[in-house]
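Notes for the structure review
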Amino acid sequence: MAEPLVDTVAKNQVVTDYCTVKSVDATHFTREECKHFKEKFVLTMKKNDYIHALVAHFDVHFTQCHKPLGFSTSPDCPETHWKQTVMYL
């Protein structure tokens, strides 16, 4: 892989299911814990097609508030300025 690309991915371009690769609790994690990690994951094809890239997005949940809220940068959700990270294979 060369440099990842930050771009918007249309949900109809996604041909697999989603999976969580890393989940962190921002109230307890350290910077060192996020620098290097290794996780196994499995993606399941939703349709017969080619895969040209992996797409990363994140979800944020603020649960320690009086009114919990959050957002997602998933291709299925309304676009944010964070977009998605595309890693071409």
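Predicted model only: the values in this text are computed from it and were never measured.

**Focus: the confidence of the model for the protein chain**
Taken residue by residue, the protein chain gives an average pLDDT of 91. The fraction at 70 or more is 99%. For the protein chain, per-element mean pLDDT is lowest for helix 1 (residues 31-35), which scores 79, and highest for strand 2 (residues 53-56), which scores 96.

**What about the pattern of salt bridges?**
Here the idea is simple: oppositely charged side chains can pair when their charged atoms come close. Under the counting rule described, the total for this entry stands at 1 salt bridge. Residue Lys22 pairs with Glu39 through a salt bridge whose shortest N-O separation is 3.7 Å. Of this pair, Lys22 sits in the loop between strand 1 (5-7) and helix 1 while Glu39 sits in the loop between helix 1 and strand 2, placing them 17 residues apart in sequence. Using a relative accessible area of 36% as the deciding quantity, one classes Glu39 as partly exposed.

What counts as what
Residues numbered from 1 in each chain as written. Predicted model: local features only at pLDDT ≥ 70, side-chain atom pairs only at ≥ 80, totals over all residues. Heavy atoms only, no water. pLDDT = per-residue confidence, 0-100. Helix = DSSP H or I, 4+ residues; strand = E, 2+ residues; numbered from the N terminus. Salt bridge = Lys/Arg side-chain N within 4 Å of Asp/Glu carboxyl O. Buried < 20%, exposed > 50% of the residue type's maximum accessible area, 1.4 Å probe, protein only.

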